[in-house]
Amino acid sequence: MDLLSHINTENLPKHLAIIMDGNGRWAKQQGFMRAFGHENGTKSVRLTVESCAKLGIENLTLYAFSTENWNRPKIEVDTLMKLLISSLKNELNTLTQNNIKLQSIGNLDLLPLSAQTELKSVMEQTQNNTRMTLTLALSYGAREELLQAIKTISSKVKNNIISTDAIDESIINEHLYTHNLPDVDLLIRTSGEHRISNFLLWQIAYAELYFTDVLWPDFKEEDLYEAILSYQKRERRFGKTSEQIK
């Protein structure tokens, strides 16, 4: 079945977010170390990014490394950081050729200096690209993001920059890492887990959730298309009734 031909390009999620899960389990199934899974996971990243760009999805956010991931064994963390650096170097041409802008969210100061430098370089070189915005969530945690937003807003209230009466959803949005992105329309999680794992908690308030048993290194174009087709079959009511939507 040609899934692509069934996708309505007039009804695509404006913001697609993906929790890329299952690299370690995939590697163990192959009889290899977890690092082998992470390395193969980069192939799915490239394929997914290119597929989303071709479809016309404007914003794609990938959960690449969480604040909790720092608690993993040092050898795995070191491998992930080296893989991040090499991937950024290798994918710059792909991003440029596909007119994709790269940005990143999270506590980036915790990244190794070499990773920060490479990340900054690629973001600067792609900042004027307009086809799609690819956001990497690195050293990211939604609770930390919200905490920092609350602290900043509180400081502005204390210094009479804004009043408490002026605080609304738009003010909160302005102080999040994702201030330049729309809310998430579709959230995909691979590997069969049914958790959000501290990812974009504010931004997914009305997102459609899609869970698949496919491990991330096995995630292909057809799996992406299935998720989007599932999204397009759903009725998004945003608190209204079906009759109001119709």
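Residues numbered from 1 in each chain as written. Predicted model: local features only at pLDDT ≥ 70, side-chain atom pairs only at ≥ 80, totals over all residues. Heavy atoms only, no water.

Visitor: Can you lay out the sheet that holds strand S3 (residues 100–105) for me, pointing to particular residues and giving the numbers?
Guide: The 6 strands lie next to each other as S3-S4-S2-S1-S5-S6, forming an open sheet whose pairing is parallel. With one partner strand each, in any of the chains shown, S3 and strand S6 (208–211) form the two edges of the open sheet. With strand direction ignored, the average angle separating the axes of adjacent strands in the sheet is 20°. As paired strands, strand S2 (residues 59–66) and strand S4 (residues 132–140) are joined by 7 bridges and run parallel to one another. (Pairing = 2+ DSSP bridges. Helix = DSSP H or I, 4+ residues; strand = E, 2+ residues; numbered from the N terminus. Axes fitted to C-alpha atoms, helices over the stretch in contact; angles between N-to-C directions.)

Visitor: Hey, could you go over the packing of helix H1 (residues 23–30) against helix H2 (residues 34–55) for me, with residue numbers and the actual values?
Guide: The N-to-C vectors of H1 and H2 enclose an angle of 115°; their axes lie 7 Å apart at closest approach. Regarding H1 and H2, the two cross each other, and that crossing is right-handed. Listed contacts from H2 to Asn-23, Gly-24, Trp-26 and Ala-27 of H1 are Arg-34, Phe-36, Gly-37, His-38, Asn-40 and Gly-41. Residue composition of the contact of H1 with H2, by class: 3 nonpolar, 6 polar and 1 charged. (Left-handed = near helix turned anticlockwise from the far one by under 90°. Contact = heavy atoms within 4.5 Å. Nonpolar A, V, L, I, M, F, W, Y, C, P; charged D, E, K, R; others polar.)

Visitor: Describe unusual backbone geometry, listing the residues and the values that go with them.
Guide: With a phi angle near 55°, Ser-197 is a residue other than glycine that sits in the positive phi range. Inspection of the secondary structure assignment puts Ser-197 in the loop between strand S5 (186–189) and S6. Even without a glycine there, the phi angle at Leu-200 is positive, about 50°. Structurally, Leu-200 is set in the loop between S5 and S6.

Visitor: Which residues make up the nonpolar core, and what values do they have?
Guide: In summary, soluble globular proteins display a tendency toward joint burial of nonpolar side chains. Counting 43 residues, the largest nonpolar core has Leu-16, Leu-60 and Ile-188 as the members making the most contacts within it. For this core, the element with the most residues is helix H3 (residues 74–97), which contributes 8 residues. Once you skip the residues sitting within four places of it in the chain, Leu-60 turns out to touch Leu-16, Ile-18, Thr-48, Val-49, Cys-52, Met-132, Thr-133, Leu-134 and Thr-135. Counting 13 residues, the second largest nonpolar core, distinct from the first, contains Ile-19, Tyr-140, Ala-142 and Leu-200. (Core = buried A, V, L, I, M, F, W, Y, C linked by side-chain atoms within 4.5 Å. Buried < 20%, exposed > 50% of the residue type's maximum accessible area, 1.4 Å probe, protein only.)

Visitor: Talk me through the packing of aromatic side chains; I want residue IDs and the actual numbers.
Guide: Counting across every chain of the model gives 8 aromatic pairs. Taking 4.7 Å as the distance between ring centres and 70° as the angle between the ring planes, the aromatic pair formed by Phe-65 and Trp-70 counts as edge-to-face. Taking relative accessible area as the criterion, Trp-70 reaches 25% and is therefore assigned partly exposed. Members of the aromatic cluster, connected to one another through ring pairs, are Tyr-63, Tyr-140, Tyr-177 and Phe-199. (Phe/Tyr/Trp six-rings, centres within 6.5 Å; stacked < 30°, edge-to-face > 60°.)

Visitor: Which residues make up helix H4 (residues 113–126), and what values go with them?
Guide: The α-helix advances 3.6 residues per turn, and as a result positions three or four apart in sequence lie on the same side. Spanning 14 residues, H4 covers 20 Å between terminal C-alpha atoms, matching the ideal 20 Å at 1.5 Å per step. Restricting attention to buried positions, one finds in H4 the residues Ala-115, Glu-118, Leu-119, Val-122 and Thr-126. Summarising the axial view, the buried residues of H4 lie within an arc of 100°, below the 170-degree limit, and thus occupy one face. Turned more than 90 degrees from where H4 packs its buried face, Leu-113 and Lys-120 sit exposed. At its buried positions, H4 is contacted by H3, S3 and S4. (Expected span 1.5 Å × (residues − 1). Arc of directions from axis to C-beta.)

Visitor: Could you give me a rundown of the side chain of Thr-135, with the residues and numbers involved?
Guide: Locating Thr-135 in the fold gives a position in strand S4. In terms of polar contacts, Thr-135 uses its side chain to reach the side chain of Gln-103, at 3.0 Å. Apart from the residues within four sequence positions on either side, Thr-135 is in contact with Leu-60, Thr-61, Leu-62, Gln-103, Ser-104, Ile-105 and Leu-181. (Polar contact = N/O pair within 3.5 Å; in protein donor to acceptor, adjacent residues only side chain to side chain.)

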